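Close look at the chain arrangement
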Amino acid sequence: AIAAENCVQGFAGQFPCRNVDFQAQIALNQFTSQPVSAANVWGFVDLNDNREYAVVGLSNGTAVVEVTDPDNPRQVGTVSGNGSSWREIKIYQEFHAPTNRFRAFAYVTTEAPNSGLQVIALSGLPGSVSLANTINDTGSQHTAYVSNIDYSTNMALPGATAFLYLAGSDIGTGSWRVYSLADAAQPQFIRQAPAGTEYVHDATSLLITDARTTQCALAHNPCEIYVDFNENSVDLWDVTDKAAPVRLSSTTYSDASYTHSGWPTADPRHIFVPDETEEIFRGLLTQIYTMNVDDLRNPFIVGSWQGPDTTTDHNGYTKGGLLYVSHYRRGLVIFDASVPA
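Since we're looking at a predicted model, the values are computed, not measured.

**With respect to the side chain of N292**
- Relative to the helices and strands, N292 is located in strand 23 (residues 287–292).
- Residue class for N292 comes out buried when judged on its relative accessible area of 9%.
- Reaching out from N292, the side chain makes a polar contact with the backbone nitrogen of D294 at a distance of 2.8 Å.
- Setting aside its immediate chain neighbours within four residues, N292 contacts R269, H270, P299, F300 and V302.

Right under this line is the structure:
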């Protein structure tokens, strides 16, 4: 293990840094499954005991690592999966009245064929994790998304119902699919996006309760907006009525190359949008776009941040006025996004 190091004069131990201290590292060869690479990571705080975990997509499975003591991470266990460079995780936590405890499940996707959707039970923590179920109505998909939740707890927002969405599956065009989590261990398919809808690569959502609800289909209030990043544009769908979803808008921007993903501000009045390949294919400097969604039927790019080099920005997430963005070769960069434009 590498000892924790504070960021001093641009380095935390061997790692370049600015205002971020190094806590610990588990190298790939230290995972029990001996993966050759790692992909997505998602966080989980078990509300039964407030222990904190990182759930890590590996090339050959999904690892759960306790990070309650960040200087001493502990691998709890790994659930094996088909080999793939891409493995993505989202988590849903709920209070389970029969046991008078919180319980949680991780939903794991991969593009590896014949994988389905893995459902990992996290209720055995801190001792163990296990595969609870595999949903096989798809063979593969790029990613999953859980709507209407508080991402600090992975619990449903007050008065709201969480839904699971799959993106980029091998069914049809790869358009979004939505599932009920009424039985969180056994997600139930509700419907696929309307015929003709494009492949979706990644997603986020907005729960609208302000005056903008008048812009939604049938003026739904509250209004559930699914944000569809489909490689070419950012599409807003009113999915309040799962039987009758309505696309409210489809927005692109100059220099669009691969509209990859995005994440909203807390209000939510803006969405930050990374484009994955403008640097690779067009030689452009890194750009992160800010989309104004005051008008759900006519969003527009209100500004962008331009980086110092051509490293690709990938996924970004907000917390308060900060935007945390991963990059291919530049690592984690934290932006002051308190003025979104």
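Moving on, there is more to tell.
**Here we look at the environment of L164**
- Secondary-structure assignment places L164 in strand 14 (residues 163–167).
- Sequence separation between L164 and A144 is 20 residues, and the spatial gap between their C-alpha atoms is 7.0 Å.
- When residues no more than four places from it in sequence are discounted, the contact partners of L164 are Y107, L117, A144, Y145, V146, R177, V178, Y179, L181 and P187.

**Some words on the pairing of strand 23**
- Summarising burial for strand 23: 6 of the 6 residues are buried, a large majority.
- Alternating positions in strand 23 separate into two faces, Q287, Y289 and M291 on one and I288, T290 and N292 on the other, with burial throughout.
- With 5 bridges connecting them, strand 22 (residues 270–274) and strand 23 associate as antiparallel partners. Counterpart to V273 in the pairing with strand 23 is Y289.

**What about the state of the cysteines?**
- The full count for this structure, using the stated rule, is 2 disulfides.
- Paired by a disulfide, C7 and C17 hold their sulfur atoms 2.1 Å apart. Taking the torsion about the sulfur-sulfur bond, which here is approximately 100°, the covalent link between C7 and C17 counts as right-handed. Taken together, the residues C7 in the segment before strand 1 (11–12) and C17 in the loop between strand 2 (15–16) and strand 3 (38–46) connect sequence positions 10 residues apart.
- Classification of C17 as buried rests on a relative accessible area of 17%.
- A sulfur-sulfur separation of 2.1 Å characterises the disulfide bridge that pairs C216 with C223. Disulfide C216-C223: the torsion about the S-S bond is -100°, which places it as left-handed.

**Topic: the side chain of T277**
- The residue T277 is located in the loop between strand 22 and helix 1 (278–282) in this model.
- Setting aside its immediate chain neighbours within four residues, T277 contacts S257, Y258 and R282.

**Considering the sheet that holds strand 14**
- Taken in spatial order, the 4 strands of this open sheet run 11-14-15-16, and their pairing is antiparallel. Only two strands of the sheet have a single neighbouring strand rather than two, namely strand 11 (143–147) and strand 16 (188–192). Each strand of the sheet is rotated relative to its neighbour by a mean of 25°, with strand direction disregarded.
- Strand direction decides the pairing type here: strand 11 and strand 14, joined by 5 bridges, are antiparallel. Of the residues in strand 14, the one forming a bridge with T143 is A167.

**Here's the deal with the packing of aromatic side chains**
- Evaluated as defined, the whole model comprises 17 aromatic pairs.
- Between F95 and F102, the aromatic rings sit 5.3 Å apart at their centres with planes inclined by 75°, giving edge-to-face as the arrangement.
- Pairing W263 with Y317 gives two aromatic rings, centres 4.8 Å apart and planes at 75°, and the pair type is edge-to-face. Taken as a pair, W263 in strand 21 (residues 263–264) and Y317 in strand 25 (residues 313–319) lie far apart in primary sequence, 54 residues in all.
- Clustering of aromatic rings is evident, with ring pairs tying together W42, Y145, Y151, W263 and Y317.

Criteria and thresholds
Residues numbered from 1 in each chain as written. Predicted model: local features only at pLDDT ≥ 70, side-chain atom pairs only at ≥ 80, totals over all residues. Heavy atoms only, no water. Helix = DSSP H or I, 4+ residues; strand = E, 2+ residues; numbered from the N terminus. Buried < 20%, exposed > 50% of the residue type's maximum accessible area, 1.4 Å probe, protein only. Polar contact = N/O pair within 3.5 Å; in protein donor to acceptor, adjacent residues only side chain to side chain. Contact = heavy atoms within 4.5 Å. Pairing = 2+ DSSP bridges. Disulfide = S-S within 2.5 Å. Axes fitted to C-alpha atoms, helices over the stretch in contact; angles between N-to-C directions. Phe/Tyr/Trp six-rings, centres within 6.5 Å; stacked < 30°, edge-to-face > 60°.

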